[in-house]
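Geometric and topological summary
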Amino acid sequence: MYVLKRLWVKVIKLNTWVLFAASILLILFSTYIMVAIEPETFSKPFDAFWWVMTTVTTVGYGDFYPSSIGGRLYAIFLYIIGIGLIGVAIGKVIDGFGMFRRRKEEGLLTYKQEGHIVIIGWSQKARFAIEEIMNGVDFQQEIVIIDQLGKSPFLHESVHYIQGDPAEEDVLMRANLPKAKAVLLFADDTIQDPLLTDGKTLLIVTSIERLSPDIHSTVEIMSEAHIKNFRHVKVDEFILSHETISRLAVRSAITKGISKIYSQLMSRGIGDNLYEIKVRSHWKTYRDAFDELFKEGATLIADGEKMDINRRMDDEISSKSQLFVICDHTSYEMIQSKA
């Protein structure tokens, strides 16, 4: 008994690949042995292989079984050695899946796909951002979260977690930042001083732009006065968190109902929304685009950040224009189908 116990301890400690190789060799060897010992019972090698597999996996259908003394003695050997060896191998496989799941939840795996959105800094704002992405049209976007939490804060098959300091190069590389479509960086809510908060944000975004200078970056900052400090790192979009909320509150107090319009335009789940559309080849001026889109249930409001289209109707439209319209989801889908 002591000898068997020592044997199983050594088997369990074997390298996984050695264990799998030993299991395969045992199955093949046992198939050959049973054909040699009982050719009458196992007239075909596959019959012997079938019996070996049902034996070592403890299924035991009973359609084949050894009848000679030699065959039964070898069957006892399989009961003692084979079943234990295969059981350990199966356990290793199950442990492997469990370890993979744990490592994924703990953010220790490297993300290798491309075209994803990286979200840095976990907070309620980050949760809302993920939900907004998932509410998008034909949602198929992969998302990677970077934070220093012990486990993933958002469990979803399309959301992946990387644990670590986002200012460190190896952490950003584990998120495959150079192959990402965009990065969204939220300010650290745990820091009370806006100067220190924006200082940390600047450190992170500097690392981002150094590793991936062409990536589209959207960064939340606490003070508008700090924007000039971010200009040299070529940040594409800024979000003024506290000031935006304050200004919206003032506008709501002055103009009743305006906050509902802002909420509708900023959320894909409420009423008409803001969508980007492609320029059609037969459009020559903004008027051509405006009139055709209006008939399709959409209102053209901007080209990029320029919202003065109504005063430039007869200006020539460029094939590179970034057009934005307001419409409902049904109208948007119809417009996209005609693009």
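The structure this text deals with has already been given above.
Residues numbered from 1 in each chain as written. Predicted model: local features only at pLDDT ≥ 70, side-chain atom pairs only at ≥ 80, totals over all residues. Heavy atoms only, no water.

So, on to the pattern of salt bridges. By the definition in use, this model includes 10 salt bridges. With its nearest N and O atoms 3.5 Å apart, the salt bridge here joins Glu169 to Arg210. Of the two residues, Glu169 is situated in helix H6 (residues 169-174) and Arg210 in helix H7 (residues 194-211); the sequence distance between them amounts to 41 residues. Judged by its relative accessible area of 41%, Glu169 is partly exposed. Each of Lys125, Asp189 and Glu220 takes part in salt bridges that share partners, so that together they form one network. (Salt bridge = Lys/Arg side-chain N within 4 Å of Asp/Glu carboxyl O. Helix = DSSP H or I, 4+ residues; strand = E, 2+ residues; numbered from the N terminus. Buried < 20%, exposed > 50% of the residue type's maximum accessible area, 1.4 Å probe, protein only.)

Let's shift gears to the nonpolar core. Formed by 26 residues in total, the largest nonpolar core has its most connected members in Val118, Ile120, Ile146, Leu177 and Ile208. Of all the secondary structure elements, the ones that give two or more residues to this core are strand S1 (117-120), strand S2 (143-147), H6, strand S4 (182-185), H7, strand S5 (216-221) and helix H8 (227-230). Ranked by residue count, the leading element in this core is H7, at 4 residues. Excluding residues that lie within four positions of it along the chain, Ile146 makes contacts with Val118, Ile119, Ile120, Gly121, Ile162, Gly164, Pro166, Val171, Leu172 and Ala175. Listed in part, the 17 residues of the second largest apolar core include Ala48, Trp51, Val52 and Leu85. (Core = buried A, V, L, I, M, F, W, Y, C linked by side-chain atoms within 4.5 Å. Contact = heavy atoms within 4.5 Å.)

Strands sit in the order S3-S2-S1-S4-S5-S6 across an open sheet of 6 strands; the sheet is parallel. Each having just a single partner strand, strand S3 (159-163) and strand S6 (237-240) make up the two edges of the open sheet. Strand-to-strand twist across the sheet, computed as the mean angle between neighbouring axes with direction ignored, equals 15°. Sheet analysis places S1 next to S2, joined by 4 bridges and oriented parallel. Following the sheet pairing, Val118 is matched in S2 by Val144. Each of S1, S2, S3, S4 and S5 touches helix H5 (residues 124-134); the most contacted strand, S1, lies at about 165° to it. Across the face of the sheet, H7 comes into contact with S1, S4 and S5 while running at roughly 170° to S5. (Pairing = 2+ DSSP bridges. Axes fitted to C-alpha atoms, helices over the stretch in contact; angles between N-to-C directions.)

Within the secondary structure, Ser23 is located in helix H2 (residues 16-37). Note on Ser23: relative accessible area 5%, which makes it buried. Sequence-distant contacts of Ser23, defined by excluding residues within four places in its chain, comprise Leu85, Ile86 and Ala89.

On to the packing of aromatic side chains. Evaluated as defined, the whole model comprises 6 aromatic pairs. Ring centres 6.1 Å apart and planes at 40° place the aromatic pair Phe46 and Phe49 in the tilted group. With Phe46 and Phe49 both in helix H3 (residues 45-56) and 3 residues apart, this pair spans about one turn of that helix. Among the residues examined, Phe49 registers a relative accessible area of 30% and is labelled partly exposed. On the basis of an interplanar angle of 15° and a centroid distance of 4.2 Å, the ring pair of Tyr275 and Tyr332 is categorised as stacked. Within this pair, whereas Tyr275 is found in strand S7 (residues 273-277), its partner Tyr332 is found in helix H12 (residues 329-338), the two being separated by 57 residues in sequence. (Phe/Tyr/Trp six-rings, centres within 6.5 Å; stacked < 30°, edge-to-face > 60°.)

Attention shifts here to H2. Each full turn of the α-helix corresponds to 3.6 residues, which orients residues three or four apart in the same direction. For H2, with 22 residues, the first-to-last C-alpha span of 31 Å sits near the 32 Å given by 1.5 Å per residue. When H2 is considered as a whole, its buried residues turn out to be Leu19, Ser23, Leu26, Ile27, Ser30, Thr31, Ile33 and Met34. (Expected span 1.5 Å × (residues − 1).)

Turning to the packing of H3 against helix H4 (residues 69-105), a few remarks are in order. Where H3 meets H4, the closest approach of the two axes is 8 Å, and the angle between their N-to-C directions is 65°. Residues Trp51, Val52, Thr55 and Val56 of H3 touch H4, and the partners they reach there are Ala75, Leu78, Tyr79, Gly82, Ile83 and Ile86. For the contact of H3 with H4, a count of residues per class yields 8 nonpolar, 2 polar and no charged. (Nonpolar A, V, L, I, M, F, W, Y, C, P; charged D, E, K, R; others polar.)

Another point: the environment of Ala175. The residue Ala175 is located in the loop between H6 and S4 in this model. Overall, the relative accessible area of 0% leaves Ala175 in the buried class. The contact partners of Ala175, leaving out residues within four places of it in the chain, are Tyr111, His116, Val118, Val144, Ile146 and Ile162.

Checked against the element boundaries, Asn176 lands in the loop between H6 and S4. Since its relative accessible area comes to 13%, Asn176 is described here as buried. If near-sequence neighbours (up to four positions away) are discounted, Asn176 is found in contact with Tyr111, Lys112, Gln113, Glu114 and His116.

So far we have only geometry, and geometry alone does not tell us how the molecule works.
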